[in-house]
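# A structural walkthrough
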Amino acid sequence: MKKEVENEMEDELRPEYDLAQMKGGVRGKYVERYRTKTNLVLLDPDVAQAFPNDEAVNDALRLLIQVAQRQQPNTIT
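Below: a short report on this structure. (Residues numbered from 1 in each chain as written. Predicted model: local features only at pLDDT ≥ 70, side-chain atom pairs only at ≥ 80, totals over all residues. Heavy atoms only, no water.)

### Focus on the overall build of the protein
Threshold: Helix and strand definitions here come from DSSP, where helices need a minimum of 4 consecutive H or I residues and strands a minimum of 2 consecutive E residues; each element is numbered from the N-terminal end.
Secondary structure assignment for the protein yields four helices and zero strands. When the helices and strands of the protein are listed from N to C terminus, the series reads α-α-α-α.

The structure is reproduced here in structure tokens:
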């Protein structure tokens with residue numbers, strides 16, 4: 001199965017693309033810009049089981065924020 005995937009990936013590159021002529025490319029050139037505009041979080045498997053989707057995670061975190069704010073009434077928000 002792995003060989004099939006490798007061959008399939010090789011077949012997707014068009015023959016007119018000569019990688020030897022494609023010089024000057026910088027790997028990861030925009031990685032910092034990408035990281036500043038995303039906020040993806042990897043959940044541990046046991047935590048992910050408790051939340052079916054991103055809405056459930058956001059709702060739980062908002063509830064946690066409300067509880068924390070009630071516990072500290074002198075905190076400015």
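### Some points on the layout of surface pockets
Which entries qualify depends on this criterion: Cavities and pockets are defined on a 1 Å grid built over the protein atoms alone: a cavity is a set of grid points where a 1.4 Å probe fits but cannot escape, while a pocket is an open set with protein on both sides within 12 Å along at least five of seven lines, and lining residues are those with an atom within 4 Å of any such point. Grid points are joined across faces, edges and corners, and a volume is the space filled by probe spheres set on the points. All amino acids are sorted into three groups, where Ala, Val, Leu, Ile, Met, Phe, Trp, Tyr, Cys and Pro are nonpolar, Asp, Glu, Lys and Arg are charged, and the leftover types, Gly among them, are polar.
Counted as a void, the largest pocket has a volume near 220 Å³. Looking at the largest pocket, the residues that line it are Asn-39, Leu-40, Val-41, Leu-43, Val-47, Phe-51, Asp-54, Val-57, Asn-58, Ala-60 and Leu-61. Per element, the largest residue contribution to the lining of the largest pocket is five residues, and it comes from helix H4 (residues 54-71). Among the residues forming the lining of the largest pocket, the class breakdown is eight nonpolar, two polar and one charged.

### Some words on the pattern of salt bridges
Going by this rule: For this document, the term salt bridge refers to a Lys or Arg side-chain nitrogen within 4 Å of an Asp or Glu carboxyl oxygen. Burial classification: accessible surface area is computed with a 1.4 Å probe over protein chains only, and a residue below 20% of its type maximum counts as buried, one above 50% as exposed, and the rest as partly exposed.
Scanning the model with the defined rule gives two salt bridges in all. We note a salt bridge from Arg-35 to Glu-32, for which the minimum N-O separation is 3.3 Å. You can see Arg-35 and its partner Glu-32 sitting in helix H2 (residues 31-36), three residues apart, about one turn around the helix. For Arg-35, a relative accessible area of 52% translates into the label exposed. Salt-bridge contacts for Arg-62 lead to Asp-59; the nearest nitrogen and oxygen are separated by 3.7 Å. Residue Arg-62 and its partner Asp-59 are located together in helix H4, separated by three residues, close to a single helical turn. Owing to a relative accessible area of 51%, Arg-62 belongs among the exposed residues under this scheme.

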